[in-house]
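# Report on the structure
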Amino acid sequence: MRKMFLSCLMVSIMAVPALAGLNYPDIDVKGDLSFKSITADDYDSNSKTADKVDLVQLTADLSLSAELTDNVGLKALLRNATTQGVGSNGNLDSMLSKTDVLQVTLNVNDIAGKVDAVIGRQNIGAKKNALVYQCENGDAITLSTKCGPVDVTYVSVNGPANRDTLNAIMLGGKIGPVDAGLARYTGQSGSASANAVLDITVSGKIPVAGGIDASLEYAQQSGNKITVEKDATAMLIKLGCSGCDMAVGKVSCGLTYLNASGDEAGGDDESYSGVAPSLKLTEIVGDKDAGQKNDDLAYNTSIANRNAIVLNIGLAPAAVDGLNLGLAYGTYKTNEKVNNETDYATEINLTANYKASDAVSLSLLLAQMDPGKAMATTTDKAVKIQAGMKIGF
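Worth saying up front: this structure is predicted, and the values here are computed from it rather than measured.

Calculation criteria
Residues numbered from 1 in each chain as written. Predicted model: local features only at pLDDT ≥ 70, side-chain atom pairs only at ≥ 80, totals over all residues. Heavy atoms only, no water. Helix = DSSP H or I, 4+ residues; strand = E, 2+ residues; numbered from the N terminus. Buried < 20%, exposed > 50% of the residue type's maximum accessible area, 1.4 Å probe, protein only. Areas by Shrake-Rupley, 256 points an atom, 1.4 Å probe, with all protein chains shown as cover. Salt bridge = Lys/Arg side-chain N within 4 Å of Asp/Glu carboxyl O. Patch = residues over 30% accessible without salt bridge, like charges linked within 9 Å, V, L, I, M, F, W, Y side chains within 5 Å. Lys, Arg positive; Asp, Glu negative; His and termini not counted. Charge placed at Lys NZ, Arg CZ, Asp CG, Glu CD. Contact = heavy atoms within 4.5 Å. Phe/Tyr/Trp six-rings, centres within 6.5 Å; stacked < 30°, edge-to-face > 60°. Lys NZ or Arg CZ within 6 Å of the ring centre and 35° of its normal. Pairing = 2+ DSSP bridges. Core = buried A, V, L, I, M, F, W, Y, C linked by side-chain atoms within 4.5 Å. pLDDT = per-residue confidence, 0-100.

So, on to the overall build of the protein. Along the backbone of the protein there are three helices and 20 strands. Taking all 393 residues of the protein together, the buried fraction comes to 37%. Looking at the protein as shown, the accessible area adds up to about 20,400 Å², and 59% of this sits on carbon and sulfur atoms.

Inspection of every chain in the model, using the stated rule, returns 20 salt bridges. Asp 151 serves as the salt-bridge partner of Lys 146, at 2.9 Å between the closest nitrogen and oxygen. The closest approach of N and O atoms between Glu 283 and Lys 280, which form a salt bridge, is 2.9 Å. By relative accessible area, which is 11% here, Glu 283 ends up buried. On the basis of relative accessible area, Lys 280 is assigned to the buried category, the value being 13%.

This next bit is on a negative patch on the surface. Residues Glu 229, Asp 231, Asp 263, Glu 264 and Asp 268 make up a contiguous surface patch of negative charge. Judged by its relative accessible area of 40%, Glu 229 falls in the partly exposed class.

It is worth spelling out the side chain of Gln 386 at this point. By the element assignment, Gln 386 lies in strand S20 (residues 382-392). Among the residues examined, Gln 386 registers a relative accessible area of 9% and is labelled buried. Sequence-distant contacts of Gln 386, that is, excluding residues within four places in its chain, are made with Lys 36, Ser 37, Ile 38, Glu 283, Lys 293, Ser 363, Leu 364 and Leu 365.

All told, the structure shown has zero aromatic pairs when counted by the stated rule. Above the ring of Tyr 43, the side-chain terminus of Lys 293 is found at 4.7 Å from the ring centroid.

Time to look at the pairing of strand S18 (residues 341-355). Of the strand pairs in this sheet, strand S17 (residues 323-338) and S18 are connected by 12 bridges, and their pairing is antiparallel. Opposite Tyr 332, over in S18, you have Ala 345 as the bridge partner. Connecting S17 to the next strand, S18, in antiparallel fashion are two residues, including Asn 339 with a positive phi near 55°. The pairing of S18 with strand S19 (residues 360-371) spans 11 bridges and is classified as antiparallel. Residue Asn 349 lies in a different strand from S19, and its bridge partner there is Ala 367. Joining the antiparallel neighbours S18 and S19 is a turn of four residues.

This next bit is on the pairing of S17. As paired strands, strand S16 (residues 306-317) and S17 are joined by nine bridges and run antiparallel to one another. Bridge pairing in S17 links Ile 313 to Leu 327. The turn joining S16 and S17, which pair antiparallel and follow one another in sequence, is formed by five residues; a positive phi near 95° is taken by Gly 322.

For Lys 381, the location among the structural elements is in the loop between S19 and S20. With 336 residues separating them in the primary sequence, Lys 381 and Ser 45 have C-alpha atoms 6.1 Å apart. Ignoring sequence-local partners within four residues, the contact set of Lys 381 consists of Asp 41, Asp 42, Gln 368, Met 369, Asp 370 and Pro 371.

Next up on the list: the side chain of Lys 384. Structurally, Lys 384 is set in strand S20. Its relative accessible area of 1% is what places Lys 384 among the buried residues. Discounting chain neighbours no more than four positions away, the residues touching Lys 384 are Ile 38, Thr 39, Ala 40, Tyr 43, Glu 283, Ile 284, Asp 287, Lys 293, Leu 365, Leu 366 and Ala 367.

Let us now look at the environment of Lys 373. On the secondary structure map, Lys 373 appears in the loop between S19 and S20. Note on Lys 373: relative accessible area 42%, which makes it partly exposed. When the C-alpha positions of Lys 373 and Asn 340 are compared, they lie 8.4 Å apart, and in sequence the two are 33 residues distant. Each residue touching Lys 373, except ones within four places of it in the same chain, is listed here: Val 338, Asn 339, Glu 341, Asp 343 and Thr 379.

The next point concerns helix H3 (residues 283-290). The element H3 is largely enclosed, with a buried count of seven among its eight residues. Buried within H3 we find Glu 283, Ile 284, Val 285, Gly 286, Asp 287, Asp 289 and Ala 290. Among the residues trailing H3, Gly 291 stands out with phi positive, at a value near 65°.

On to the nonpolar core. Formed by 40 residues in total, the largest nonpolar core has its most connected members in Leu 131, Val 132, Tyr 133, Tyr 185, Tyr 272 and Tyr 332. Setting aside chain neighbours within four positions, we find Tyr 272 in contact with Leu 131, Val 132, Val 197, Ala 219, Gln 221, Ala 232, Thr 233, Ala 234, Ala 260, Ser 261, Ile 303 and Ala 304.

A few words now on the confidence of the model for the protein. Of the residues in the protein, 86% have a pLDDT of 70 or more, and the chain-wide mean is 86. The low-confidence segment residues 1-16 (pLDDT under 50) makes 29 contacts with residues lying over four places distant or belonging to another chain. Scored below 50 in pLDDT, residues 18-22 shows three contacts in the model against residues more than four places distant or in partner chains.

Have a look at this one:
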């Protein structure tokens, strides 16, 4: 039934341009082209094995939205992603066949004057910044309303990978100057028992030195895994100063701390896995956790048994309008020993991003990771060089 409904939504989206001159003139069309050239080497931490890759990734996104009637809208996101350097994309027909309807939703507002609904294939969670759950194309129903000062959201998701199911209820609001949230996620895959995560978030500004942005997220995971109980935790703390004007330009800085429990021998399973987290603190470690070198694509990460501290420094030079330079330095350890070691990795990232116009931006990334003995028995440095360009229209 859900597949049939989504198919009808997709047909409706494809018919929107044809209807533009008839009954539905309020159509918004946006898109962007993203180009990435990626060179990565020694991700296996062993220079004696040949694992160097050179990829050219072209991603084209087309976003369509239309107001069908009062309080009812239709949205779709189409994506074509092709990669040169891995296999062959063949002829033009083969490349065009890689176009997917990534998202397609029916948006209905003010149901009974109180409830907003998003129905269809949609994004849930923030990619590269989700401690518990992120899916960019889940078949879902999202209902949201406001009960006094509290925002209430209910999400029911099916798929796409493994046809996993997820139900979540999220509460959010302000406690004085602090934003607070409480969420309960319950995920289930196949015949396994439910995997539940209670997630608490608080964020606000610390009134010192012009204001420091601060956030804390704490997740408690429970559930039954056939023979043992799940009892795991994760905590994510972020501190940041958005910008201090200096002679050289605007300087920003940030500090991120992650602690995700690992499993001790015997007893409950204490290895934190969330439901489908997506978290990227530094480039190469994030890639390895996701098994994916391009974070424009699917990016769910494994973050169990991790203790990380990452320092970020940014500079927007006064001499070059639109240029932003960045440095990130991260140290990673394991909470429980792996290979009888706890040193996991250190990594440094250098970035340069230039906004040439409202539509065109350029980016450059240089990354180097030094693996520890807890990651691999061989400890050769891994490197990544990435150049990108994005054009919006």
